[in-house]
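The residues making up each chain are set out below.
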Amino acid sequence: MVDFARSRRSTLGVEWELALLDGHSLDLTPAAEVLLADVGERAPEFENQIVGEMLTNTIELVTGVHEQVSGIAEDLATSMGALRTLTEDRGIELMSAGTHPFAQWQSQEVRAKDRYLELVDRTQWWGRNMLIFGVHVHVGIDSRDKVLPIVNALLAYVPHLQALSASSPFWGGTDTGYASNRAMMFQQLPTAGLPFQFEQWSDYEKYVSDMLTTGIIDTINEIRWDIRPAPHWGTVEVRVCDGLPTLEEITAITALIQCLVDDFSARLDAGESLPRMPDWFHDENKWRAARYGMDAIIIENAEADERLVTECLADEVERLTPVAERLGCANELNSITSIIDRGVPYQRLQNVYKDSDSLTEVTRSLISDLRTSYT
């Protein structure tokens, strides 16, 4: 049995992965362990909010549970302020994007934790290549029976979220030609990528049992899908998004995800069946959004109708505004429009590179975006 903890409907939690940069070279620096030690000594009240990740070049900010997106914003800004005090003293800069523009994967260190070392030992070259950063959004589900229908319905919004958050056109000093190279990289790991569409919770339980029995996973957290049930927390966890450079972009995407999940939950309560599409449509949509970003033409429904993702996003913002008003996140949801107007992350990075012909300047722009977004 996979027990699913009950959460209050549509409550929120966010995990934000940040890259640690040497203040002079702007390359990644393996400073996580010393910073975590600093947290323990100088800011112990943040030990659950400022945590480590797989690589020693990464720090993750983890929020508490909040009812509204505004609480997420305040939580992240407070943790960021505490972390910034520690990084300033050590000459470390912070940035957030799906990838670092020019850092080399061969130079990175894996934290000395069994689960990370086992992952790299098993996956070898691909595991060592996981020089990527993301944002994960948890939304509370008040009934286990809703989880799989909501996961299945959310799959149709992978391209929306992928295009809007795409921030990894550069990897290892190379222009990849993708809006989100991170999306393509991360799915190479076993159990990563898009989830299977299960009909019943017992089908999901059988999958988990088979994965444990055959040794593919040791714990349920090693199922690394882009959208997954998080049974321990009683949430659906959306892991689609690249690292987001600004707090505004995090709150906008968090609002979109909260509104989608709450809308699905309400429709299930009303006795509706949620829409689904074939797996091959979802696979194609993910690739189109990763490759073309905001220029992607995506498959909208099971009838194979297609539209530009920007048009789809505009319609969703309008459709979900009454939901957002009820949840108290209308301003954050509607800021998606202004984000698109000024350019989503990968577009801004491409423009900096076009003007400067320098990936160091691209990196500098990410540092500036993050610093000015919460101060």
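Before any of the text, the structure's been laid out above.
In this report, we go over the structure that sits alongside the text. (Residues numbered from 1 in each chain as written. Predicted model: local features only at pLDDT ≥ 70, side-chain atom pairs only at ≥ 80, totals over all residues. Heavy atoms only, no water.)

### Observations regarding the overall build of the protein chain
Counting secondary structure elements, the protein chain contains 14 helices and 13 strands. What you see for the protein chain is a C-alpha radius of gyration of 20 Å, in line with the 21 Å of a compact globule of 375 residues. Once the C-alpha set of the protein chain is aligned to its principal axes, its extents read approximately 60 × 45 × 35 Å. Burial statistics for the protein chain: of 375 residues in total, 59% are counted as buried. Pairs at least 24 residues apart make up 77% of the contacts formed inside the protein chain by residues separated by at least 6 positions. Between the averaged position of the 31 positive side-chain charges in the protein chain and that of its 59 negative side-chain charges there is a distance of 2 Å. (Helix = DSSP H or I, 4+ residues; strand = E, 2+ residues; numbered from the N terminus. Rg over C-alpha atoms; globule rule 2.2 N^0.38 Å. Buried < 20%, exposed > 50% of the residue type's maximum accessible area, 1.4 Å probe, protein only. Contact = heavy atoms within 4.5 Å. Lys, Arg positive; Asp, Glu negative; His and termini not counted. Charge placed at Lys NZ, Arg CZ, Asp CG, Glu CD.)

### A look at empty space enclosed by the protein
In this approach the atoms are scanned with a rolling probe the size of a water molecule, which exposes any empty space left behind. The full count for this structure, using the stated rule, is 1 cavity of 30 Å³ or more. One number sums up the size of the largest cavity: a volume of about 30 Å³. As for the largest cavity, its lining consists of Q162, R182, A183, F186, D226, R239, V240 and K286. With 3 residues, the single largest contributor to the lining of the largest cavity is helix α7 (residues 181-186). Grouping the constituent residues of the lining of the largest cavity by class yields 3 nonpolar, 1 polar and 4 charged. (1 Å grid on protein atoms, 1.4 Å probe; cavity = no way out; pocket = protein on both sides within 12 Å on 5 of 7 lines; lining within 4 Å. Points joined across faces, edges and corners; volume = space filled by probe spheres on them. Nonpolar A, V, L, I, M, F, W, Y, C, P; charged D, E, K, R; others polar.)

### What about the pattern of salt bridges?
Close approach of charged atoms allows side chains of opposite charge to pair. Across all of its chains, the model carries 30 salt bridges by this definition. For the salt bridge of E33 with R111, the shortest nitrogen-to-oxygen distance reads 3.0 Å. Highlighted residues: E33 in helix α1 (residues 32-42) and R111 in the loop between β4 (92-95) and α3 (114-123), separated in sequence by 78 residues. Judged by its relative accessible area of 39%, E33 falls in the partly exposed class. Residue classification places R111 among the buried residues on the basis of a relative accessible area of 9%. Among the salt bridges present, the one from R319 reaches D263, with a minimum N-O distance of 3.0 Å. One end of the pair, R319, is in helix α11 (residues 309-327); the other, D263, is in helix α9 (residues 247-269), and 56 residues separate them in sequence. (Salt bridge = Lys/Arg side-chain N within 4 Å of Asp/Glu carboxyl O.)

### Some words on the layout of surface pockets
Its boundaries defined by the atoms lining it, the second largest pocket holds a volume of some 320 Å³. Along its surface, the second largest pocket is lined by 22 residues, and A156, Y157, P275, E300 and E316 are the ones closest to its centre. Every element with two or more residues in the lining of the second largest pocket is listed here: α5 (144-154), α9, β12 (297-299) and α11. Of all the elements, α11 adds the most residues to the lining of the second largest pocket, at 4 residues. Taken together, the residues of the lining of the second largest pocket sort by class into 10 nonpolar, 4 polar and 8 charged.

### Points about the packing of aromatic side chains
The tally for this structure, following the rule as stated, stands at 16 aromatic pairs. On the basis of an interplanar angle of 50° and a centroid distance of 5.6 Å, the ring pair of F198 and Y207 is categorised as tilted. A relative accessible area of 13% means that F198 is categorised as buried. Judged by relative accessible area, Y207 falls into the buried class, the value being 13%. Seen from their ring centres, W287 and Y292 are 5.8 Å apart, and the 85° between their planes marks the pair as edge-to-face. (Phe/Tyr/Trp six-rings, centres within 6.5 Å; stacked < 30°, edge-to-face > 60°.)

### Digging into the environment of P159
Within the fold, P159 resides in helix α6 (residues 158-165). Under the relative-accessibility criterion, P159 is labelled buried at 1%. Distance from P159 to R288, taken between C-alpha atoms, is 7.6 Å for residues 129 residues apart in sequence. Beyond its immediate sequence surroundings of up to four residues, P159 is in contact with N285, A289, I298 and V309.

### A few points about the pairing of strand β3 (residues 58-62)
By the criterion of burial, β3 is predominantly enclosed, with 4 of the 5 residues buried. Where strand β1 (residues 12-22) and β3 come together, 5 bridges link them in antiparallel fashion. Following the sheet pairing, E15 is matched in β3 by V62. Note: strand β2 (residues 50-52) against β3, 3 bridges, orientation antiparallel. Its bridge partner lying in β3, V51 is registered against E60. Here β2 hands over to β3 after 5 residues, the two strands then running antiparallel side by side. (Pairing = 2+ DSSP bridges.)

This is a description of form; function is not addressed.
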